Structure formats: C-alpha cells, structure tokens
Amino acid sequence: MNKIEHIGIAVSTLDAAIPVYEALLNTSCYKTEEVASEHVKTAFFQVGPNKIELLESTDPDGVIAKYIAKKGEGLHHMAFEVTDIYAEMERLKAAGFMLLNEHPKHGADNKLVCFVHPKGTNGVLVELCQERKNKE
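Regarding the overall build of the protein chain
Here is step 1 of the chain: Of the regular secondary structure elements, the protein chain holds 3 helices and 8 strands.
Here is step 2 of the chain: A principal-axis box enclosing the C-alpha atoms of the protein chain has dimensions of 40 × 30 × 30 Å.
Here is step 3 of the chain: Within the protein chain, the proportion of its 136 residues that are buried is 40%.
Here is step 4 of the chain: In the protein chain, 53% of the contacts between residues at least 6 apart in sequence involve partners at least 24 apart.
Here is step 5 of the chain: Within the protein chain, one finds 15 positive and 20 negative side-chain charges whose respective centroids are separated by 5 Å.

Things to note about the side chain of H6
Here is step 1 of the chain: The residue H6 is located in strand 1 (residues 3-10) in this model.
Here is step 2 of the chain: Among the polar contacts listed, one links the side chain of H6 to the side chain of E5, at a separation of 2.6 Å.
Here is step 3 of the chain: A polar contact of 3.1 Å, which involves the side chain of H6, links it to the side chain of E127.
Here is step 4 of the chain: When residues no more than four places from it in sequence are discounted, the contact partners of H6 are K51, E53, H77, M78, A79, E127 and C129.

Quick notes on the sheet that holds strand 3 (residues 40-47)
Here is step 1 of the chain: Read across the open sheet, the 8 strands follow the order 2-3-4-1-5-8-7-6; overall the sheet is mixed. Where the open sheet ends on each side, the last strands, each with one partner, are strand 2 (31-35) and strand 6 (105-107). Looking at each pair of strands side by side, their axes are set apart by 35 degrees on average, direction ignored.
Here is step 2 of the chain: Here strand 7 (residues 111-116) runs beside strand 8 (residues 126-131); their pairing, made up of 6 bridges, is antiparallel. The residue of strand 8 that forms the bridge with C114 is L128.
Here is step 3 of the chain: Strand contacts of helix 1 (residues 14-25): strand 1, strand 2, strand 3 and strand 4 (50-57), with the helix running at about 5 degrees to strand 3, the strand carrying the most contacts.

Some thoughts on unusual backbone geometry
Here is step 1 of the chain: Positive phi, normally seen in glycine, also occurs at N26, with a value near 55 degrees.
Here is step 2 of the chain: We classify N26 as exposed; its relative accessible area is 71%.
Here is step 3 of the chain: One non-glycine residue, D109, adopts positive backbone phi at about 60 degrees.
Here is step 4 of the chain: Topologically, D109 is positioned in the loop between strand 6 and strand 7.

Points about the packing of aromatic side chains
Here is step 1 of the chain: A full pass over the atoms with the stated rule returns 2 aromatic pairs.
Here is step 2 of the chain: Residues Y21 and F45 carry aromatic rings whose centres are separated by 6.3 Å and whose planes lie at 45 degrees to one another, so their mutual orientation is tilted. Of this pair, Y21 sits in helix 1 while F45 is found in strand 3, placing the two residues 24 residues apart along the sequence.
Here is step 3 of the chain: Each ring, one from Y30 and one from F44, has its centre 6.1 Å from the other, and the planes form 35 degrees; the classification is tilted. Residue Y30 is located in the loop between helix 1 and strand 2, and its partner F44 is located in strand 3; the two are separated by 14 residues in the primary sequence.

What to know about the pairing of strand 8
Residues in a regular strand project their side chains so that they alternate between the two faces of the sheet.
Here is step 1 of the chain: Across the 6 residues that make up strand 8, a large majority, 5, are buried.
Here is step 2 of the chain: In this sheet, strand 8 lies alongside strand 5 (residues 74-81) in parallel orientation, the contact comprising 4 bridges. By the bridge assignment, F80 is partnered in strand 8 with L128.

Comments concerning the pairing of strand 1
Here is step 1 of the chain: With 7 bridges joining them, strand 1 and strand 5 adopt antiparallel strand pairing. Looking at the pairing, A10 lines up with G74 of strand 5.
Here is step 2 of the chain: Relative to strand 4, strand 1 runs parallel, the two sharing 5 bridges. Bridge pairing in strand 4 links I9 to L54.

Thresholds applied
- Residues numbered from 1 in each chain as written.
- Predicted model: local features only at pLDDT ≥ 70, side-chain atom pairs only at ≥ 80, totals over all residues.
- Heavy atoms only, no water.
- Helix = DSSP H or I, 4+ residues; strand = E, 2+ residues; numbered from the N terminus.
- Buried < 20%, exposed > 50% of the residue type's maximum accessible area, 1.4 Å probe, protein only.
- Contact = heavy atoms within 4.5 Å.
- Lys, Arg positive; Asp, Glu negative; His and termini not counted.
- Charge placed at Lys NZ, Arg CZ, Asp CG, Glu CD.
- Polar contact = N/O pair within 3.5 Å; in protein donor to acceptor, adjacent residues only side chain to side chain.
- Pairing = 2+ DSSP bridges.
- Axes fitted to C-alpha atoms, helices over the stretch in contact; angles between N-to-C directions.
- Phe/Tyr/Trp six-rings, centres within 6.5 Å; stacked < 30°, edge-to-face > 60°.

So, in structure tokens, the structure goes:
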C-alpha cells in the first residue's frame, strides 16, 4: 500500500454536500463523475496529497443508498493506492482477508478498484486503487 488515495463519504445528495465540503475544505470540487455500473455519482476534492470522494446513490437499491438507510451519511470507506492491484489482492487473500471482488473493476477517477470486507478490517471498508492503464 503506497498511501491513502482517498476517503469516501456517503451523502444523500451531491447538490447539498458539495457546497458544505467546498466551505469546509476551502477548495472547489474539481470533478464529478457517474459510475453507472456501481449506481453512484461521485464528487472529488483535492486536499494536500489526498482526496475526498463524496458518493451519492443513483439507485434507491444501490449500495450507497442502502448504506445511508442503515447507518446514515458519513464515512463509507478508506482507499489506498497500490502499485499492482492483482498482486495486492493475492497478498491479502493469502493473509486471510475476504475480498468483495474476485477481480478488480472499473471505479471512478480512472482507477481499477477492489474492496476488502470490513469484517476483517475492524469495521472499515477498505478500497484498493490502481491507476487504470488504457488496455484495462
């Protein structure tokens, strides 16, 4: 794991949350993006070397909508940048961690991503992120 890549925060609506985080972080949202396969819209903020990602569900039955219904808005996941997501997935599986994805999938911000089940990480959903190359 190279560094914390971003912190993901589940929000009810980006329209309401973006101005809050722009004021809080004293910086503008630099990018919004929809990840249709995950039923989510995202908004990104750069804070020093790290990013904050806001996540809004685009589907009432989506993962983020279910998370907010169960736990309310707030911290959803911690993402770590990795150099080789495939090798890191194998390392974590060998160490006994349960991965939520068998293979990396396309995520927001041009990343390949994989999630580690929070039951094995003291209740924190962990995301692995690797910059996606053109062929992936």
